[in-house]
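Descriptive analysis of the structure
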Amino acid sequence: MSNLHSPISLSSTDSILPTDVEPGLARYTRLSPMARGGVAQLRSAYDPVTGRTVAIKSLLPDTPDSRRERKRLLREARITAQLEHPNTVPVYDIGMDEVDGPFFVMKRISGENLFEILKRIAMGDEQTARDFPVVKRLEILADACQALIYSHVRGVIHRDVKPENIWVGNFGEVILLDWGAAKVWGDNFEEGAARSSSLVDPRDLPQTLTLADQRIGTPLYMSPEQITGRGSLDERSDIFSVGTCIYDVAAMREPFRGRDVQETFDNIVNRRPEMLSGNARVVDSWSEEIKQLQSVPPQVDTIFEKATEKSPGDRYGSMRELVQAIRSAIG
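Below you will find a few notes about this structure. (Residues numbered from 1 in each chain as written. Predicted model: local features only at pLDDT ≥ 70, side-chain atom pairs only at ≥ 80, totals over all residues. Heavy atoms only, no water.)

One broad trend across soluble globular proteins is that nonpolar side chains are buried collectively. Trp 179, Ile 246, Leu 276, Met 319 and Leu 322 are the most contacted members of the largest nonpolar core, which totals 60 residues. Elements supplying a minimum of two residues to this core: helix H3 (114–122), helix H5 (134–153), strand E8 (166–169), strand E9 (174–176), helix H8 (235–251), helix H9 (261–270), helix H11 (299–307) and helix H12 (319–330). In terms of residue count, H5 provides more of this core than any other element does, ten residues in total. For Leu 322, the residues in contact, after removing those within four places along its chain, are Ile 239, Val 242, Ile 246, Ile 303, Ala 307 and Tyr 316. (Core = buried A, V, L, I, M, F, W, Y, C linked by side-chain atoms within 4.5 Å. Buried < 20%, exposed > 50% of the residue type's maximum accessible area, 1.4 Å probe, protein only. Helix = DSSP H or I, 4+ residues; strand = E, 2+ residues; numbered from the N terminus. Contact = heavy atoms within 4.5 Å.)

When the charged atoms of two side chains with opposite charge come close together, those side chains can pair. Tallied over the full model, the rule gives 18 salt bridges. Salt-bridge contacts for Asp 100 lead to Arg 43; the nearest nitrogen and oxygen are separated by 2.8 Å. Here Arg 43 lies in strand E2 (residues 40–47) and Asp 100 lies in the loop between strand E4 (91–97) and strand E5 (101–107), a separation of 57 residues in the sequence. A relative accessible area of 21% places Asp 100 in the partly exposed class. A residue is classified by how much of its surface remains accessible, and Arg 43, at 14% relative accessible area, is buried. Residue Arg 271 is joined to Asp 266 by a salt bridge in which the shortest nitrogen-to-oxygen separation is 3.4 Å. You can call Asp 266 partly exposed: its relative accessible area is 27%. The network of salt bridges with common partners includes Glu 126, Arg 130 and Glu 289. (Salt bridge = Lys/Arg side-chain N within 4 Å of Asp/Glu carboxyl O.)

Turning our attention to the sheet that holds E9. Reading across from one edge, E6-E8-E9 is the order of the three strands in this open sheet, with antiparallel pairing throughout. Two strands lie at the open edges of the sheet, namely strand E6 (111–113) and E9, each paired on one side alone. The sheet shows a mean angle of 20 degrees between the axes of neighbouring strands, direction not considered. Pairing geometry for E6 and E8, over three bridges, is antiparallel. (Pairing = 2+ DSSP bridges. Axes fitted to C-alpha atoms, helices over the stretch in contact; angles between N-to-C directions.)

In this section: H3. Here H3 has its buried residues at Leu 114, Ile 117, Leu 118 and Ile 121. One side of H3 carries all its buried residues, which in axial view fall inside an arc of 95 degrees. In this structure, the buried residues of H3 make contact with E6, helix H4 (126–131), H5, E8 and H8. The N-capping residue of H3, defined by a side-chain oxygen 3.0 Å from the backbone nitrogen of Phe 115, is Asn 113. Note on H3: the residue one or two positions beyond its end, Gly 124, has a positive phi of about 95 degrees. (Arc of directions from axis to C-beta. Polar contact = N/O pair within 3.5 Å; in protein donor to acceptor, adjacent residues only side chain to side chain.)

Structure below.
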C-alpha cells in the first residue's frame, strides 16, 4: 500500500453521481496491482461513486481449487467486515464479478507492515532504529492486539498473527490485517451470515475451511497446538503467536527458527529459546543513544515466557491480560 496520499479535490466531491453504475468490478476504474499471494491479489482502484481510492482483494485467475478458495475469500471478507474496530481495516463492499468471482473492497491505507520496519532495523538502518525503538515496536504490537481482544469477544481467533500482518500507517494507525486463516465458532456469527447471503450456497460453508491434515498459519509463529492438532484451538493460540512476536520485535529474531520447518516445529513444541533481553540486535556503527533505544525492558522476558508456555492453560488467560502486561512493562 502506497506511502502517498492524494489531496481531496473539487472534482472528487462536486461531480455528478454516475447515472449508470456497472455491476461487479466494472464499477471501479484505474485498477493497478498492489500485492499478490499464492491464490489472491490486492489491487488499488478508484470508486467514481464515492470519489475515493480503495483496495480490492480478489482471487487470481485460474486459482487451483477455486471453489474452495472462493469460500475462503468470502469467509475472510465477512469476518473482516463484521469486525468493525479501530485496529481493523474497514470493508466497504463485498461482491461477485462475472470474470474475477468474489471480491471485497476495503479502505486503502498508507504505510508499511511491521516486518518491513524490523527488516530495515536488522539491516542497520539508523533512522528506522531511531524512529522505532523497542518500546515503540512493543507499543505497536499492543495496539494490534486490541483488534484481537475484540475478535475474541466476537468468537473469532486470527491464527496467523505475525509482524507481516501488522500494518503501521503514516498517521499513527495500527491495523491487524489478513483474517483469511481465522477460525470462527458459534452459529450466530458464521452460519447466520451465510444463510442471509446470496453470494454462496450456505450448504457449501462448513464450520471450518481447513482440511483435517492441513496446518493453517505461518510456521515461525504457530502455537504448539496448531502444530500437533491436539485439543481445540482458542484465543490462547493467538496469545502464543503474539508472544512469539514479542520476541521478534524486541530482539530482532524469531525465537523458534530452525534450519527447516520440521526443526522449527520441534523447537516450538519442545524447546525454550534464550532470554530475549540479552539478545537484542544492535549494530556496532550505531551511536550509543540508538543502541540504548534497542534495550529490552527486563519484564518483557517474563511476559514472553508466560505467553509462550507450551500448555495453553499456563499462558495468559486472555489477550487483554497480555496487553496489560506489555503496557505495564513499557511504561
